[in-house]
Amino acid sequence: MLLALPMVLSSYLVTVFVLIFFYAYLGQAWNIVGGYAGQLSAGHAAFVGVGAYAAAVLSLSAGLTPWVGMFVGGTVAAVLGGFIGFLGFRFGLRGFYFVLLTVAFAEMCRIVANNLEWIGGAVGLYITFTGNPWQFQFQDSRAYYYIALGLMVAATAVAAAIERRRFGVYLSAIREDEGAAEAVGVPTFRYKMFAMIVSSFLTGVGGTFYAFYLFSLQPNTVFGIPLSVEIIIRPIVGGAGTLFGPIVGSFILSPLAELTRFYFAAGGGWAGVHLIVYGVLLVVVVLFFPQGAVPWLRRLLRTQA
Amino acid sequence: MAEGLRAEQVRLPAPQGLILDPVLVVQAVVSGLLFGGVYSLMAIGLTLIFGVMRVVNFAHGDLMVWAMYLAWLGATRFGVDPYVGFVGAAAILFVAGFAIQRQLVDRIVDAPHEMQILLMLGVALVLENTALVAFGPEPQRVRTPLTQAALWLGPVFVDVGRLVTFAVAIALTLALSLFLYRSDIGRQMRAVADNGYGAQVIGTDVRRISALAFAVGAACVGAAGALVAPLLPFQPPTGLQLSVTSFNIVIIGGMGSLLGAFMGGLLVSVAESLGAVFLNPSMKELVSFALLVVILLVRPAGLFGRRAI
Amino acid sequence: MLDVSGLDKHFGGLHAVKNLSFTVGEREIVGLIGPNGAGKTTVFGLLSGFLRPDAGQVIFRGRSITGLPPHRVNALGLARTFQIVRPFPHLTVLRNVTVGALGRHAAPAAATQRALAVLNEVGLAAKRDQPAASLTLAERKRLELARALATEPTLLLLDEVMAGLNATETERIVDLVGAINRRGVAVLLIEHVMRAVMSLSQRIVVLNYGELIAEGRPEAVANDPRVIEAYLGTASA
Amino acid sequence: MALLRLDDVEVAYGDMVAVRGVSMTVGTGELVAIIGSNGAGKTTTLRAISGLLRPRRGRIEFDGARIDGLTSSDVVGRGIAHVPEGRQLFPTMSVLENLELGARTPAARAARDGTLKSVFDLFPRLGERRRQLAGSLSGGEQQMCAIGRALMALPRLLMLDEPSLGLAPVMVGAIFDNLARVNRDGTTVLLVEQNVLRALRLCHRAYVLENGTIALEGPRDRLLADEGIKRAYLGR
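Throughout, a residue's number is its position along its own chain's written sequence, starting from 1. Chains and ligands are labelled sequentially in the order written, the chains with letters from A and the ligands with numbers from 1. Predicted model: local features are reported for residues with pLDDT of at least 70 only, side-chain atom pairs are reported and counted for 80 or more only, and whole-chain, interface and lining totals are derived from all residues. Only hydrogens and water are set aside when side-chain values are computed; all heavy atoms of the structure are taken into account.

Participant: Quick question: what am I supposed to make of the overall build of chain C here?
Facilitator: Secondary structure elements are defined from DSSP: runs of H or I of at least 4 residues count as helices, runs of E of at least 2 residues count as strands, and each element is numbered from the N terminus. Looking only at helices and strands, one finds nine helices and 10 strands in chain C. Its C-alpha radius of gyration of 18 Å places chain C within 12% of the 18 Å reference for a compact globule of 237 residues. Along the first, second and third principal axes, the C-alpha atoms of chain C reach 60 × 40 × 35 Å. Exposure classes here rest on a 1.4 Å probe applied to the protein chains alone. A residue is buried below 20% of its type maximum, exposed above 50%, and partly exposed in between. For chain C, buried positions account for 57% of its 237 residues. The long-range share in chain C, meaning contacts at least 24 apart out of those at least 6 apart in sequence, stands at 65%. Working note: accessible area of chain C is about 9,100 Å², and carbon and sulfur atoms make up 51% of it. Each radius of gyration reported is based on C-alpha atoms, and the globular scaling rule is 2.2 Å times the count of residues to the power 0.38. Any pair of residues with heavy atoms lying within 4.5 Å of one another is described as a contacting pair. Values of accessible area rely on a 1.4 Å probe in the Shrake-Rupley scheme; residue burial ignores everything except the protein chains shown.

Participant: Could you clarify how one ought to interpret the confidence of the model for chain C in this entry?
Facilitator: Fine structural detail should not be taken from predicted coordinates in areas where pLDDT scores are low. For every residue, the pLDDT score states the predictor's confidence, bounded by 0 at the bottom and 100 at the top. Looking at chain C as a whole, the pLDDT averages 92, with 98% of positions reaching at least 70. As scored by the predictor, the complex reaches a pTM of 0.89 and an ipTM of 0.86.

Participant: What should I look at first to understand the environment of tyrosine 181 of chain B in this one?
Facilitator: Residues and elements named next belong to chain B. Along the chain, the position of tyrosine 181 falls in helix α6 (residues 160-182). On the accessibility criterion, tyrosine 181 (29% relative accessible area) is partly exposed. A sequence separation of 68 residues divides tyrosine 181 from histidine 113, and the C-alpha atoms of the two residues are 29 Å apart.

Participant: I keep staring at the packing of helix α3 (residues 93-101) of chain C against helix α5 (residues 137-149) of chain C and nothing clicks. Help me out?
Facilitator: Helix-helix packing is characterised by the crossing angle of the two axes and by the distance between the axes. Residue and element names in this part refer to chain C. Axis lines are fitted through C-alpha atoms, for helices just across the contact stretch, and the angle between N-to-C directions can take any value from 0 to 180 degrees. At their nearest, the axes of α3 and α5 sit 7 Å apart, and the two run at 30 degrees to each other. Contacts from Val93, Asn96, Val97 and Gly100 of α3 reach α5 at Leu143, Ala146 and Arg147. Residues are sorted three ways: Asp, Glu, Lys and Arg are charged, Ala, Val, Leu, Ile, Met, Phe, Trp, Tyr, Cys and Pro are nonpolar, and all the rest, Gly among them, are polar. Across the contact of α3 with α5, the residue classes tally to four nonpolar, two polar and one charged.

Participant: I keep staring at the packing of aromatic side chains and nothing clicks. Help me out?
Facilitator: Describing an aromatic ring pair means giving the distance of the ring centres and the angle of the ring planes. Here the aromatic set is Phe, Tyr and Trp, taking the six-membered ring for Trp, and pairing holds for ring centres within 6.5 Å; pairs whose planes are under 30 degrees apart are stacked, those over 60 apart are edge-to-face, and all others are tilted. The full count for this structure, using the stated rule, is 40 aromatic pairs over all chains. Considering the side-chain rings of phenylalanine 22 of chain A and tyrosine 23 of chain A, the 6.0 Å spacing of their centres and the 55 degrees angle between planes classify their relative orientation as tilted. Residue classification places phenylalanine 22 of chain A among the buried residues on the basis of a relative accessible area of 5%. When the ring of phenylalanine 89 of chain A is compared with that of phenylalanine 98 of chain A, the centres are 5.3 Å apart and the planes differ by 20 degrees; the resulting orientation is stacked. We note that phenylalanine 89 of chain A, like phenylalanine 98 of chain A, is buried. Aromatic rings pair up to connect Phe22, Tyr23, Tyr25, Trp67, Phe136, Phe138, Tyr144, Phe209, Phe212 and Tyr213 of chain A into one cluster. Geometrically, a lysine NZ or arginine CZ counts as sitting over a ring once it is within 6 Å of the ring centre and also within 35 degrees of the ring normal. Note that arginine 86 of chain C overlies the ring of phenylalanine 82 of chain C, its terminal NZ or CZ placed 4.4 Å from the centroid. Over the ring of phenylalanine 88 of chain C we find arginine 147 of chain C, and its NZ or CZ is 4.5 Å from the ring centre.

Participant: Just to check I follow, could you spell out the pairing of strand β9 (residues 205-210) of chain D for this structure?
Facilitator: Consecutive side chains of a regular strand alternate in pointing toward one face of the sheet and then the other. All names here are of chain D. Burial runs high along β9: five of the six residues are buried. Pairing analysis gives four bridges linking strand β3 (residues 31-35) to β9, with the strands arranged parallel. Following the sheet pairing, valine 32 is matched in β9 by arginine 205. Two strands pair under a simple rule: DSSP has to find at least two bridges between them. As paired elements, β9 and strand β10 (residues 213-219) share six bridges and run antiparallel to each other.

Participant: I'm lost on the interface of chain A and chain B in this one. Help?
Facilitator: Accessible area lost upon the coming together of the parts serves often as the stated size of an interface. If you look at the interface, chain A gives 41 residues, while chain B gives 42 residues. Any Lys or Arg side-chain nitrogen found within 4 Å of a carboxyl oxygen on Asp or Glu counts as a salt bridge. One can count zero salt bridges joining chain A with chain B. Definition of a polar contact: a pair of N or O atoms within 3.5 Å, with one able to donate and the other able to accept a hydrogen when the atoms are protein atoms, and with sequence-neighbouring residues admitted only if both atoms are side-chain atoms. Applying the counting criterion to the chain A and chain B interface returns zero residue pairs in polar contact (both at pLDDT 80 or more). When grouped by side-chain class, the residues that make up the side of chain A that touches chain B number 32 nonpolar, seven polar and two charged.

Participant: Can you walk me through the arrangement of the chains in this structure?
Facilitator: With four pairs of chains in contact, the largest contact count belongs to chains A and B. One thing to see here is that chain B and chain C don't touch, and their nearest C-alpha atoms sit 13 Å from each other. There is a gap between chain A and chain D: no contact, and a shortest C-alpha distance of 19 Å.

Participant: Help me understand the environment of leucine 60 of chain A, please; the structure alone is not making it clear to me.
Facilitator: Residue and element names in this part refer to chain A. Mapping leucine 60 onto the fold places it in helix α2 (residues 45-62). Residue leucine 60 is classed as partly exposed on the basis of its relative accessible area, which comes to 43%. Leucine 60 sits 75 residues away from glutamine 135 along the chain, and the two C-alpha atoms are 9.9 Å apart. When residues no more than four places from it in sequence are discounted, the contact partners of leucine 60 are Leu125 and Tyr126.

Participant: Help me understand the nonpolar core, please; the structure alone is not making it clear to me.
Facilitator: Nonpolar side chains in soluble globular proteins generally cluster together in the buried interior. Ranked by internal contacts, the top residues of the largest apolar core, which has 251 residues, are Met120 and Ile251 of chain B together with Leu156 of chain C. For this core, the leading source of residues is helix α1 (residues 11-36) of chain A, giving 17 residues. Those residues in contact with methionine 120 of chain B that lie beyond four places of it in its chain are Val55, Val56, Asn57, Phe58, Ala59, Ile100, Val105 and Phe214 of chain B. To qualify as a nonpolar core, a set must consist of buried Ala, Val, Leu, Ile, Met, Phe, Trp, Tyr and Cys residues joined through side-chain atoms within 4.5 Å.

Participant: So what exactly am I meant to see when it comes to the interface of chain C and chain A here?
Facilitator: Taken together, the 22 residues of chain C in the interface contact 22 residues of chain A. Here chain C and chain A share an interface that buries about 1,800 Å² over both sides, 61% of which is from carbon and sulfur atoms. Counting the contacts that link chain C with chain A gives one salt bridge. The closest approach of N and O atoms between aspartate 177 of chain A and arginine 86 of chain C, which form a salt bridge, is 2.7 Å. At the boundary of chain C with chain A, the tally comes to seven residue pairs in polar contact (both at pLDDT 80 or more). Contributions of two or more residues to the side of chain C that touches chain A are made by α2 (70-75), α3 and α5 of chain C. Considered class by class, the residues forming the side of chain C that touches chain A number 12 nonpolar, six polar and four charged. Two parts placed together each lose some accessible area under a 1.4 Å probe, and the buried area is that loss summed for both.

What follows is the structure, given as structure tokens:
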């Protein structure tokens, strides 16, 4: 059904779906380390940013096709993620300290990117539209729809595969009680590292889509804390550590964000309304549905049946 | 988004290369130190809230930005100078802090750390973006005659606005210390921070003390916001930057340590000021982040150890 | 099979374990007792890799495990339970135990089979699809035991698995521990329910203020004046 | 008349029942001990009396009025002070501040300086170290500080949870002598102790808790002669 949808949608609605899929993809990537393994990274924008910059710079300066560049970007993000994970996990940083470490790295990336003139500095990078699919550019916006959908499905397939294997069981044990997991033989450091690397790789791959969908990159947006918030809020509202949490979360939040932007931003000065909605939702979720929407829906369906 | 922070921190010509001109160093240190009083006050508010409740106030910087807007409203609508208006801003934030603790934080004090972080992040988003809706995205700045004046101590330039801000911030910090060390309520706050269970056993009303601690912490950041409003152009996203800076300071100084927050505030401000002079104004935050990462890895308890408040 | 020699541990000014040496033989059940604060749980931490000793050695089946991380110690066949049970609260009972079994059986299907067998043994099979948080305390204690058993240990360290249980529940755990031991698993247990320790253990090690004050057969230990003094206190001095 | 009366009190942590139907009384001026092995429910009983836990069943009366369900600050206000297990001092605050914080009620605050004098009289060591941080005291001094802090509330009933835990025998002797003195001076004392013989020598009456219920009770001399005590501890 999702495959046929673009045929009947207006181009605006296609855009809304692209955002739903893409943020669900980023949320799913975050979910692996933040949801399943319970390591609250609040700096995932760093991985989007380095992935996006790697692919864009390689494309602009070396002519490398983004179809390859996206994997280079993913790899660079994975190296960064591995480094942050190594520092955080080796030194036993938990809770707020880990949150702050991840935020600090994202902010450092932002500041550095702002100051590196050869990647555009604070002005950022602009990609000229050529419409060449080989350069990840498409005349028909529906192409982006299918790519975003594909990314979301692929990340979900990865998450599903992890969930079914020892990897996933170990991650959930780590999330629930790291010490108890160690006691029954789970090498917690190694598995947290795996989770961080897989998650940052996928997020970095998403950076390519980000860059070539928007045609521009600015350090303050692509590395900014607001993007990190966009990434984590969907899986949390949908249900962190559940397979469909990020998708459900994105279907709830992305259209909501679009609608408020559409209705309020048009009047001018109302740009923050969708973020107010996010804030209220976060508070409501934490206070009343700490497990997120998916487990709640599941319980609801069970009692109905 | 922190354009203002960068531009206004140090009013100096750009240095030519990395020459360690002693006057330049002294200038940067003085400038940073004077600005640091506000950082200290802001961080003390955060550390007080953390010490008593073990809750990290992610909305700290946004409360501060609201205080800045209150100072701005006071100055533009009612002609109240921010160096007087900070009292009002602190009072309003006191009430807001009390309400946030009672209505929200109190429900989740026993929840996992992650949940508390997300809740306060939600509050932060609401505060920041209501400010955006209410006041718009343009940078604002509060004018006061004091910021126009300057003093020269030999070759070193001293901004009078900064000096007054520093003096008031230090006076408030001293007043707060007196409150915490001499008054009964203040001692109860320190007792709850030191050993919450012990405080409960001897009959302390821990809920009430927690709400008051959140209120006092918010009042601190409120005063800090109003006092810095004449020095620092601000816009709603400044709150996020200030939150992150406060976190840096309290981790560097030591979570929950009052002395750590105070010294950390001065240290971070001086480090940023030096960074702005010797690296590049826009790189100054890099210095405090680098400092943060080193502290996190080498001495996570912070420079001033793990004393309760 | 377990040979502890000269173990020492300080926490700040507190000397929690002092020059402690003892052994556990193949298939043996050894009780580790002592008054509150004697250092028993610290000893478990040191043996299972959660704490690093300041001095001394732990030899398990001929190799030193001193300073190894807990998951390595577990992989070598030494499993522990926690005094305050620590189930994975949101995971089902079966998943809890499967986590333990995955160390020996990497394939989830095989691990699940193994976990089911253990759940049958401890009598929790009927609750396998419930989240662990919904179990009663007695059931959680059995779950904790099952999760440790699923790692297929040759030595099991049990930290107060009977505390807080009523008489019938205690009896069931005593029977269960006896049955596990008859399968060839050695057991070292911390326990305050004296009747249970006395009836289960072949040998008892008594700690007081971090030091070994007596060791031997249950009857001998129970009549040892130093042990009686440690438990009842002195009226003089 | 009984100052404190527990009637069929049951206390649970979640589904773990720690105290099952305990009834006991403490008369005005008495020194009563609760003894029993680890996990028998002694600490839980004290925590229920002082309002830190809410009993699931039964009633607790102090001075004729029901106090179960009150908050701990209300219970302190009625005149019950609790010296918890592990002292629970404020380690980064001075000895003097720790003591002064103990005077929570208006009456206690009004009498603060006088009470402080009598606490220093009882424990001269605390007077010498009043400026020192509580966390830097030795174990015995910390115990004195915890008892002193409780006395600052001018309690009619003083409850102590394992004051001898982790202390050298000489120090235990000193602390127990002081408790006897506090009791002689008119404060009713309820003492939870693991040092059975010492507690029995000190008290007037005692209750033996076993597995959350009262296994034995009676005046000191009868319990000192009882073989059942040894059985309760060593399981034989």
